[in-house]
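Chain by chain, the residues:
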Amino acid sequence: MSAPATPMLSEAARARAARLGLRPGRPNLEEFAATLEELARANPRIVALTSDSRGSGKLGPFGKALPRQLIEVGIAEQNLVGIAAGLAACGMKPFAVSPSCFLTARALEQIKNDVCYSDVPVVLVGISAGVSYGALGSTHHSLHDLAALRAIHNVTIVVPADNFETREAVRAAARAEKPFFLRFGKAPMYDLHPAGTRFEVGRAICLREGRDMAFLATGETVVHALLAAALLEEEGIQARVLSLHTVKPLDVESVLRAGRECGCLITVEEHMVHGGLAEACAAVLLQAGVAKPFRVVGIPDEETVTGSQADIFRHYGISMEGLAQTARELLGVARPAAAVGV
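Computed from a predicted model, the values in this text were never measured in an experiment.

### Brief notes about the packing of aromatic side chains
The full count for this structure, using the stated rule, is one aromatic pair. Geometry around F102 places R106 over its ring, the cationic atom sitting 4.3 Å from the centre.

### Description of helix α11 (residues 277-287)
Buried within α11 are the following residues: L277, A278, A280, C281, V284 and L285. For α11, the angular spread of buried residues about the axis comes to 165°, placing them on one side. Opposite the packed face of α11, turned more than 90 degrees from it, sit the exposed residues L286 and Q287. Of the surrounding secondary structure, the elements contacted by the buried residues of α11 are α7 (145-150), β10 (213-217), α10 (252-261), β13 (265-272) and β14 (294-299). Directly after α11, the chain includes G289, whose backbone phi takes a positive value near 75°.

### Points about the sheet that holds strand β3 (residues 70-72)
One open sheet accounts for seven strands, arranged β3-β2-β4-β5-β7-β6-β12; its pairing is mixed. The open sheet has two edge strands, β3 and β12 (246-248), and neither has a second partner. The average angle at which neighbouring strand axes cross in this sheet is 20°, direction not considered. Inspection of the sheet shows strand β4 (residues 93-99) paired to strand β5 (residues 123-127) by five bridges, in the parallel sense. Bridge pairing in β5 links F95 to V123. Running over the sheet, helix α2 (residues 28-42) touches β2 (46-50), β4 and β5 and is turned about 140° from β2.

### What to know about the sheet that holds β10
Spatial ordering of the open sheet is given by β9-β11-β10-β13-β14, a layout of five strands whose pairing is mixed. Every interior strand has two partners, whereas the edge strands, β9 (205-208) and β14, have only one. For this sheet the average axis-to-axis angle between neighbouring strands, irrespective of direction, equals 25°. With respect to the sheet, helix α9 (residues 222-233) is in contact with β9, β10 and β11 (239-243), its orientation differing from that of β10 by roughly 165°. Across the face of the sheet, helix α13 (residues 320-331) comes into contact with β10, β13 and β14 while running at roughly 155° to β14.

Analysis parameters
Along each chain, residues carry numbers from 1 onward, in the same order as the chain's sequence is written. Two thresholds apply to this predicted model, a pLDDT of at least 70 for residue-level local features and 80 or more for giving and counting side-chain atom pairs, whereas whole-chain, interface and lining totals are computed over all residues. Remark: hydrogens and water are excluded; side-chain values derive from all non-hydrogen atoms of the structure. What counts as a ring pair is set by centres within 6.5 Å for rings of Phe, Tyr and Trp (its six-membered ring), and what kind of pair is set by the plane angle: stacked under 30 degrees, edge-to-face over 60, tilted for all other angles. Working rule: Lys NZ or Arg CZ, within 6 Å of ring centre, within 35 degrees of ring normal, means a charge sits over the ring. Per-residue accessibility, obtained with a 1.4 Å probe over protein chains only, is compared with the maximum for each type, and a residue is labelled buried under 20%, exposed over 50%, and partly exposed between these values. Helix and strand definitions follow DSSP, with helices as H or I runs of at least four residues and strands as E runs of at least two, each counted in order from the N terminus. To be clear, the arc concerns the directions from the helix axis to the C-beta atoms. We call two residues in contact when some of their heavy atoms are within 4.5 Å. Any two strands between which DSSP finds at least two bridges are classified as paired. Only the contacting stretch of a helix is used when fitting its axis, a line to C-alpha atoms as for every element, and angles between N-to-C directions run 0 to 180 degrees.

The quantities given are spatial measurements derived from coordinates; they are silent on function.
Structure (C-alpha cells):
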C-alpha cells in the first residue's frame, strides 16, 4: 500500500487559510471537465479529444453524457493536435486534452504549424502540469511548457489559480477564435476570489494590496503567495499579491505598476526558472527602466528532486513559509522569533 499523499499546505498554512476565510475547492481539472461538459451540452460544435487521457483529464462523465463529442486517439499526441486542427478548420471547436509534458514536447511542431501558423481555434489543454506527477519524476514533469509556447506566435496561455479562474478561462477559451492553451494541475485548490470578481484574459487579478513588496504568481502557486502575504502582514510587511493567470499576453500594466509602487518583487511559478513567468516579467520591467530588487521562485536548472508535488514545492520554497522567508531576505529583515516553526 502506498503512503498517503503529503498535504499541499502545512498545518500552519491550513490554519491561516481558514482564518482568511478561504474555502477548499476541488482540483482545477475537475472544474475544467465539469465546465466543458456544461458548454458542450449547449453547443454540439464543442468536442473533446484525448490521447488515452480520458481518466486523468476527468472526462469520464463527459464521455458518458456526450459520447459523440469525445474522440479518443490513443497515445499519439501529434495525431491529437493534427486532428484537432482539422476539426477546427471545419468549423468545430476542439479541446485537445493531454498531459502537458507530452502535449507540448511530442506535439510541439504540430502546435506551431497546424494550430498557430494555420490560425485555427484549437484549445490545447495541458493537464497534470508542472510537477503534478510527483514521484514519476522528470520524464513526467512539465517544466518547459510555458517557455516553449511563449516562443510561438499566436497562442494565448492561461494558467488558472483556482476553480473560479478555471471556469472563466474555459468559457473564454470556448469563445476564442484564436489558438488557446490552458494549463491545469491535479491538487485540490482553495477558492481565492470573492463573489463579483471579474475575470478577463490578459488582465491580472489583485488578491491583496501592498507596497512593501509584491508576489507575482501564476497557477497553483498563487495560494501559497497569498498565505505568505498574510503571514508577512503580522510582521508589519504589506505584500501585494497578483494572480497573473494569463502568462501570454502578459498584463504589462499591472506588472509595471507593481514594479513602480512596491519595494521589491518575487515571481512564483510551477515551472523552470528559465523561460516562464519570471523572465516575462523581468523583460517588461527592464525595458521600461524599472529596477527593483527581484527574486525568481520556481524550479531551478537542476535534476528535480523526487517526491510528491507538495514535497517538491516545499523543497524549492514554493510554500507559505518558504515565500515569506524569501521576502524577508529580499527586504533585508530578520525572521521574527515567533515565526520559527510556523
